[in-house]
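# Close look at the chain arrangement
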Amino acid sequence: MSDSGVRRKFLQNSALLGGAAVAFEKQVNALASSKQVHDRLPREVWIGTVSMAKMREETSEAMSRRLLNALKEMATFKPDIVCLSETFSVANVNSPRPLEERAPKWWSEVLGPFSDFAAQHNCYLVCPVHTEENGKWYNSAVIIDRDGNCQGRYHKIHTTTGEIEKGLTAGPLEPPVFQTDFGKIGAQICFDIEWRDGWTKLAEKGAEIVFWPSAFGGGKMVNTMAWQHQYSVVSSTRKSPSKICDLDGTELATTSHWNDWACAAINLEKAFLHTWPFVRHFDEIQAKYGRKVKITNHADEEWSVLESRSPDVRVADILKEFDMKTLREHLVDAELAQCACREA
């Protein structure tokens with residue numbers, strides 16, 4: 001069926017479906033605009049997230065099955081990576097098993113089916129679970145690669161006092177970054193959002209997407225982490241909407257009352273700039289590149305995002321051509337100049 005045919009069918013059925021049609025319309029629009037994901041930009045990454053706000057199960061096994069069903073629905077979008085919620089296998093579960101009973105089984109029993117999904121659907125997964133290492137238990141985000149293998153783990157740095165009382169250990173102060181085939185990613189978990197150290201270190205290490213599985217929604221703090229560090233942030237929560245935020249904090253997709261999962265594309269071929277003084281080149285850039293380049297201005301904050309919309313245009317080349325710098329580079333130059341003038 002053509003795109004117009006799909007939309008006509010949606011309009012014909014919307015009166016019967018009521019509010020539930022909203023989620024369907026979002027899927028139709030996303031699939032149509034992506035040309036079924038076949039015609040994507042070189043650094044376009046499809047990201048999925050899940051909210052457990054309406055999920056309640058009796059056992060961990062039942063919860064895992066429910067989340068796997070959500071992932072199977074999401075597979076239509078061919079996501080490159082999907083993030084699940086904090087300690088999803090025991091969250092919103094009436095009868096979770098205690099830590100000591102999970103020791104030898106956290107990979108085989110809990111993550112085995114998700115590993116199989118990743119391999120079958122050629123996608124990465126961010127799976128937040130309790131893991132054991134050298135006799136210590138952590139609240140972790142396990143990164144599963146496209147082959148279904150464990151690529152690595154991030155251990156939550158800022159555990160709560162309640163978690164420590166239950167036997168969990170605070171993770172190392174240096175958060176790792178993970179190299180994927182589309183770029184570097186990192187993770188923070190729940191309470192980590194109340195501190196800036198982990199987020200800042202991930203930015204310094206070149207992370208382009210940071211995943212934040214959490215027990216709570218975080219609200220505008222999620223958007224703030226994105227624009228403050230100039231990378232995309234993806235949340236997956238237990239009791240609030242989950243969201244996919246671009247590097248300027250713009251929400252690209254969210255879950256809602258109508259949809260437990262969301263999927264959207266992020267274009268990583270972008271640069272985050274301080275509008276002044278580089279705005280002086282924007283007209284010239286648009287005149288030369290036309291719709292191959294998109295410039296988004298946030299007037300009040302004086303941020304600008306320079307984005308390539310063409311496979312043959314690289315943002316780094318434009319920055320070099322017009323002698324422009326990213327916000328991070330611009331601030332480093334300014335600080336060096338400030339230090340030099342103080343010492344003069």
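In case you missed it, the structure is sitting above this.
Anyway, here's the lowdown on the structure attached to this text.

Procedures and definitions
- Residues numbered from 1 in each chain as written.
- Predicted model: local features only at pLDDT ≥ 70, side-chain atom pairs only at ≥ 80, totals over all residues.
- Heavy atoms only, no water.
- Phe/Tyr/Trp six-rings, centres within 6.5 Å; stacked < 30°, edge-to-face > 60°.
- Buried < 20%, exposed > 50% of the residue type's maximum accessible area, 1.4 Å probe, protein only.
- Lys NZ or Arg CZ within 6 Å of the ring centre and 35° of its normal.
- Helix = DSSP H or I, 4+ residues; strand = E, 2+ residues; numbered from the N terminus.
- Contact = heavy atoms within 4.5 Å.
- Polar contact = N/O pair within 3.5 Å; in protein donor to acceptor, adjacent residues only side chain to side chain.
- Pairing = 2+ DSSP bridges.
- Axes fitted to C-alpha atoms, helices over the stretch in contact; angles between N-to-C directions.

The description of an aromatic ring pair uses the distance of the two centres, along with the angle that the planes make with each other. Evaluation of the coordinates by the stated rule reveals 8 aromatic pairs. Centroid distance Phe191 to Trp195: 4.9 Å. Interplanar angle 85 degrees. Geometry classified as edge-to-face. The exposure class of Trp195 is partly exposed, given its relative accessible area of 35%. Site record: aromatic cluster; members linked through ring pairs are Trp46, Phe77 and Trp261. We note Arg280 situated over the ring of Trp276; from NZ or CZ to the ring centre the distance is 5.0 Å.

Moving on, we come to the environment of Ser304. Looking at where Ser304 falls in the secondary structure, it is placed in strand β15 (residues 303-308). In this structure Ser304 comes out as buried when scored by relative accessible area, which is 0%. Between the C-alpha atoms of Ser304 and Phe282, which are 22 residues apart in sequence, the distance is 10.0 Å. Once residues lying within four places of it in the same chain are set aside, the contact partners of Ser304 are Ala271, Phe272, Leu273, Thr275, Phe282, Thr296 and Asn297. A polar contact of 2.8 Å, which involves the side chain of Ser304, links it to the side chain of Thr275.

A separate point is the side chain of Ser60. Counting through the fold element by element, Ser60 comes out in helix α3 (residues 60-74). In terms of polar contacts, Ser60 uses its side chain to reach the backbone carbonyl oxygen of Ser89, at 2.7 Å.

If you trace the backbone, Gln179 turns up in strand β6 (residues 178-179). The exposure class of Gln179 is partly exposed, given its relative accessible area of 48%. A sequence separation of 28 residues divides Gln179 from Gln151, and the C-alpha atoms of the two residues are 9.1 Å apart. Apart from the residues within four sequence positions on either side, Gln179 is in contact with Gln151 and Lys184.

Before going further, it helps to spend a moment on the sheet that holds β15. Here 3 strands make up an open sheet; going across it, the order is β13-β15-β14 and the pairing antiparallel. Looking along the sheet, the strands with just one partner apiece sit at the ends: β13 (270-274) and β14 (293-298). Going from strand to strand, the sheet's axes swing by 20 degrees on average, the running direction of each strand aside. In this structure, β13 lies alongside β15, joined through 5 bridges in antiparallel fashion. Counterpart to Ala271 in the pairing with β15 is Leu306.

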